[in-house]
Amino acid sequence: NQPFDPLYTEFYLTRSREQSQFLDANIDPGMQECLRFDRPKLDDIFAKSKDMAMKHGDSRVAVLTCGPISLINDTILKSNKWSGGGVTFDCHHELFDF
């Protein structure tokens with residue numbers, strides 16, 4: 001799972017957890033390199049993804065998101081905002097609302 005791989009993933013756990021809860025939640029940061037413990041910085045992610053796509057000559061980037069409607073809406077808006085200049089972000093989503 002390297003940023004330049006054809007399939008690069010990051011998973012964000014936005015609810016803060018104590019390290020003592022990791023075992024019960026089956027979380028092992030050492031084994032799950034793509035796990036992040038904060039909110040995604042969407043503009044940073046899209047900027048980096050667009051730059052990588054352009055460097056590799058890719059014209060389409062798949063964006064897969066799941067979470068609450070606010071995250072999905074933000075991701076769709078950012079997909080549209082960052083599409084252009086030869087790169088299109090195709091956003092696919094699934095709603096998880098707790």
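See the structure printed just above.
Here the structure is a predicted model, which is why all the values come from computation and not from measurement. (Residues numbered from 1 in each chain as written. Predicted model: local features only at pLDDT ≥ 70, side-chain atom pairs only at ≥ 80, totals over all residues. Heavy atoms only, no water.)

Participant: I'm lost on the packing of aromatic side chains in this one. Help?
Facilitator: The geometry of an aromatic ring pair comes down to the distance between the two centres and the angle between the two planes. With the rule as written, the count across this model stands at one aromatic pair. Centroid distance Phe46 to Phe89: 4.9 Å. Interplanar angle 80°. Geometry classified as edge-to-face. Taken together, the positions of Phe46 in helix 1 (residues 42–55) and Phe89 in strand 4 (residues 88–95) put the pair 43 residues apart, joining distant regions of the chain. Of the two residues, Phe46 and Phe89, both sit in the buried class. (Phe/Tyr/Trp six-rings, centres within 6.5 Å; stacked < 30°, edge-to-face > 60°. Helix = DSSP H or I, 4+ residues; strand = E, 2+ residues; numbered from the N terminus. Buried < 20%, exposed > 50% of the residue type's maximum accessible area, 1.4 Å probe, protein only.)

Participant: I keep staring at the packing of helix 1 against helix 2 (residues 69–82) and nothing clicks. Help me out?
Facilitator: Two numbers describe a pair of packed helices, the interaxial angle and the distance between the axes. For the pair helix 1 and helix 2, interaxial distance at closest approach is 10 Å and the crossing angle is 40°. By the angle between their directions, the pair helix 1 and helix 2 is classed as oblique. Here helix 1 runs over helix 2; the crossing is right-handed. Only Asp74, Thr75, Lys78, Ser79, Lys81 and Trp82 of helix 2 make contact with helix 1, whose side of the interface consists of Leu42, Asp43, Phe46, Ala47 and Lys50. Class assignment of the residues belonging to the contact of helix 1 with helix 2 gives a composition of four nonpolar, two polar and five charged. (Axes fitted to C-alpha atoms, helices over the stretch in contact; angles between N-to-C directions. Parallel < 35°, antiparallel > 145°, perpendicular 65-115°, else oblique. Left-handed = near helix turned anticlockwise from the far one by under 90°. Contact = heavy atoms within 4.5 Å. Nonpolar A, V, L, I, M, F, W, Y, C, P; charged D, E, K, R; others polar.)

Participant: What's the story with the pattern of salt bridges in this structure? I'm lost.
Facilitator: Two side chains bearing opposite charge may form a pair once their charged atoms approach each other closely. According to the stated counting rule, one finds six salt bridges in the structure shown. Ionic pairing is found between Asp38 and Lys41, a salt bridge with its closest N-O pair at 3.6 Å. A salt bridge links Asp90 to Arg60, with the nearest nitrogen and oxygen atoms 2.9 Å apart. Placement of the pair is Asp90 in strand 4 and Arg60 in strand 3 (residues 60–67), with a sequence separation of 30 residues. (Salt bridge = Lys/Arg side-chain N within 4 Å of Asp/Glu carboxyl O.)

Participant: I would appreciate a short explanation of the nonpolar core in the present structure.
Facilitator: A general trend in soluble globular proteins is that nonpolar side chains are found buried together. Within the largest apolar cluster, seven residues are counted, these being Leu42, Phe46, Ala53, Val61, Val63, Val87 and Phe89. Counting only elements with at least two residues in this core, the list comes to helix 1 and strand 3. If one sorts the elements of this core by residue count, helix 1 sits on top with three residues. Discounting residues that sit within four places of it in the chain, Leu42 has contacts with Asp74, Thr75 and Lys78. (Core = buried A, V, L, I, M, F, W, Y, C linked by side-chain atoms within 4.5 Å.)

Participant: Would you explain the pairing of strand 4 in this entry?
Facilitator: Residues in a regular strand point their side chains to alternate faces of the sheet. Across eight bridges, the pairing between strand 3 and strand 4 is parallel. The residue bridging Cys66 from the neighbouring strand is Glu94, located in strand 4. Of the crossover connections in this fold, the one passing from strand 3 over helix 2 to the parallel strand 4 is right-handed. (Pairing = 2+ DSSP bridges. Right-handed = clockwise from strand over helix to strand, strands pointing away.)

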